[in-house]
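Spelled out from the first residue to the last, the chains are:
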Amino acid sequence: MSFDVEAHEARLRRDGYTVIADFLSAEQIGAARAALTPHLGAHLGRNPFEGHETERVYTLVARGKVFEDVTEEPRLLSLLDRFLQPGYLLTASQAICIYPGEKAQAVHFDDGFYRQPRPRPAISLSVICAIDAFTAQNGATDVISGSHTWSGAEVDSLLGSNADGVGSTGTERGIEKHLRPMVMPAGAAIVFQGTLLHRGGANRSDAPRLAFTNQYCEPWARTQENFYLGVPRAWAARMSPRLQSLLGYNIWPPFMGQVTASHPLKSLQPGWQPPVVTQARDV
Ligand SMILES: O=C(O)CCC(=O)C(=O)O
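Conventions and cut-offs
- Residues numbered from 1 in each chain as written.
- Predicted model: local features only at pLDDT ≥ 70, side-chain atom pairs only at ≥ 80, totals over all residues.
- Heavy atoms only, no water.
- Helix = DSSP H or I, 4+ residues; strand = E, 2+ residues; numbered from the N terminus.
- Phe/Tyr/Trp six-rings, centres within 6.5 Å; stacked < 30°, edge-to-face > 60°.
- Buried < 20%, exposed > 50% of the residue type's maximum accessible area, 1.4 Å probe, protein only.
- Lys NZ or Arg CZ within 6 Å of the ring centre and 35° of its normal.
- Pairing = 2+ DSSP bridges.

> Sorry if this is basic, but what is going on with the environment of D206 here?
Structurally, D206 is set in the loop between β8 (198–199) and β9 (209–217). Spatially, the C-alpha atom of D206 lies 8.2 Å from that of Y99, the residues being 107 residues apart in sequence.

> Any chance you could explain the packing of aromatic side chains here in plain terms?
Two aromatic rings are characterised by how far apart their centres lie and by the angle between their planes. Enumeration over the complete set of coordinates arrives at four aromatic pairs. Between F67 and F212 the ring centres are 5.8 Å apart and the planes differ by 75°, which places this aromatic pair in the edge-to-face class. Remark: F212 occurs in strand β9 and F67 occurs in helix α3 (residues 65–71); sequence separation between them is 145 residues. The exposure class assigned to F67 is buried, which follows from its relative accessible area of 2%. Their ring planes at 70° and their centres at 4.9 Å tell us that F113 and Y114 sit as a pair that is edge-to-face. A residue is classified by how much of its surface remains accessible, and Y114, at 12% relative accessible area, is buried. Its guanidinium or amino end placed over the ring of F109, R118 lies 4.4 Å from that ring's centre, counting from NZ or CZ.

> What is the right way to look at the sheet that holds strand β5 (residues 142–143) in this model?
Backbone hydrogen bonds hold the strands of a sheet together, and the pairing may be parallel or antiparallel. Spatial strand order, β6-β5-β8: three strands in an open sheet with antiparallel pairing. Of all strands in the sheet, those bounded by a partner on one side alone are β6 (180–181) and β8.

Listed below in structure tokens is the structure:
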């Protein structure tokens, strides 16, 4: 199927989101599920935002070749290229399994921790990809179309001005009528602006809802996950140049990301030691 990047860009600008219906092939859905199975069943969320009946597997990009491939999926990157500056970064990478009985998550926007006045261009974009088909019963992501254009006052009027970076249920302010569940087949992915209001839906079905999310941010922004520490350097060294750049082994010109005045890619060469070690001298 051909990919109409202009049409996706137009929807992202107008509605704040777009859906790539055939993001994963059937083989990739199987591979993603198989790669995740050993990691699931151990750690429920630690707070209402993560979800007490939800399980998250962080640093997903380093948990199987399929996740490396989807992180640098060419159609997706061609779309992100239209919103983020060259050298943009992966900021978060996690699987999200919402179990039966989970309540709806607080409504939030993903880059709210970049505390800049709204409306503003997104500093990040998010992808949520269905590994299980999303239905209105099993916890499909709920979005508020067009909310990426809202001012801070408009967001506060719905979420409440006390809402912190992790959002609010907003039930008392009639938030429900604005929310639209992203019902979509397994393998489809929603791409949305980091300023779009959304939440993980309640799972009222009798089966888990498995998905993964990758988020990408401007090359000058601090990332949510610290991939330099989370992904062993030997593993990063085996990844593609584009993925290495997405993980931060790159420079935002002229010198953000430098390692003691050298390029961070040098740190992936065999035998590399931090310059402060090799240049150490007795004092
Ligand atoms: O799982 C979902 O559908 C959305 C999760 C989400 O928005 C988040 O955890 O930030």
